[in-house]
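Observations on the three-dimensional arrangement
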Amino acid sequence: MRIRFTKMQGAGNDFVVLDETAGPLGLTPGQYRFLADRHFGVGADQILSVRPSPAAGVDFQYVIHNADGGEVEQCGNGARCFMRFVRERGLTDKDVVRVQTLSGVIAPRMNGDGRVTVDMGPPVFEPARVPFDTAGLDPQPDGGWHTWHLALSTEADEPIVAVAVLSMGNPHAVQLVDDIETAPVAEQGPRIEHHPRFPQRVNAGFLQVVDRTHVRLRVFERGAGETLACGTGACAAVVAGIRLGQLDHRVDVETRGGILTIEWAGDEADPVLMTGPAVTVFAGEIEVPDEL
Ligand SMILES: N[C@@H](CCC[C@H](N)C(=O)O)C(=O)O
């Protein structure tokens, strides 16, 4: 099957975007993996599909697959690219669109400066809804909120990490580190992602607080490995930092691929706003093998 695609990036988190407004392409998990493959396919952290509105009051459906082929609930950097894509292709002329994702409706807005702001909805703290299994585990009070202490293996000398756990529609475990450059992202990331207390796996964030309005962040993403930026990871990290008493309500998040600005007023029902870049890199066509 030959398909058209657009390659986009938001703060270096990169995507293959597919226009499925005329009907779903019906790709298999193996075909998503092929598109994401940096040697044999196009190369991407996620594949984003733009589909027609599934319901009244919503403009589009936004379907997200990780590089490993699995469908996931949410992708923040992708949401900004989604907005630029539907505008550039003339699929809408609205400045704000309402988009159905697997975890609810989000609302990206084009800004005058070319950046996109996304209303990502409120964070979710209830462990069962992350989902995060707390059986037999006590929350550890920390700066007005709490973290959870997780053993990364049963070996006696293995590290115990303190993580803040929440969902931005997708699951996040955020730990504070002294220095993002030396943080054990490659070693701990996969172990946290696959920790048995996260039945749907988890995105593992490593957060360095520089000051109350500026942080540095690396994220080992579920289903994609470490990426240059993670939008929902930035939202989760800032929300965690605010609840732990370390951050103000508007924070610049420095990632390896660019700056994201995150705002959260601080009440559970308040939406998280994420602002950042969304860039079209190139467009093309690719032959996708049928048997994958
Ligand atoms: N890069 C994304 C998050 C993509 C999904 C994530 N890997 C998951 O499995 O939940 C973002 O910008 O939020």
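Residues numbered from 1 in each chain as written. Predicted model: local features only at pLDDT ≥ 70, side-chain atom pairs only at ≥ 80, totals over all residues.

Cross-referencing UniProt, the feature "binding site: substrate" (unreviewed entry) maps to N13, Q46, N66, G76, N77, N170, N203, E221, R222, G231 and T232 in the present numbering. Mapped onto the fold, G76 is located in helix α2 (residues 76-88). In contact with G76, other than residues within four places in its own chain, are V118, M120, G231, T232, A234, C235 and M274. Along the chain, the position of N170 falls in the loop between β11 (160-167) and β12 (171-176). Residue N170 is classed as buried on the basis of its C-beta count, with 27 C-beta atoms lying within 10 Å. Those residues in contact with N170 that sit more than four places away from it in its chain are V72, E73, Q74, S103, N203 and T232. (UniProt positions renumbered as here; feature names shortened; annotations may be inferred. Helix = DSSP H or I, 4+ residues; strand = E, 2+ residues; numbered from the N terminus. Contact = placed C-beta atoms within 7 Å. Buried ≥ 20, exposed ≤ 12 C-beta atoms within 10 Å, placed from the backbone.)

A word on the pairing of strand β7 (residues 104-110). Remember that side chains alternate between the two faces of the sheet whenever the strand is regular. Where strand β6 (residues 99-101) meets β7, three bridges bridge the pair, whose relative direction is antiparallel. Residue pairing across strands places Q100 opposite V105, the latter belonging to β7. Linkage of β6 to β7, two consecutive antiparallel strands, is achieved through a turn of two residues. The pairing of β7 with strand β8 (residues 116-119) spans four bridges and is classified as antiparallel. Within β8, the position partnered with A107 by the bridge is D119. Where β7 hands over to β8, the hairpin turn is made up of five residues, of which G114 adopts a positive phi near 90°. (Pairing = 2+ DSSP bridges.)

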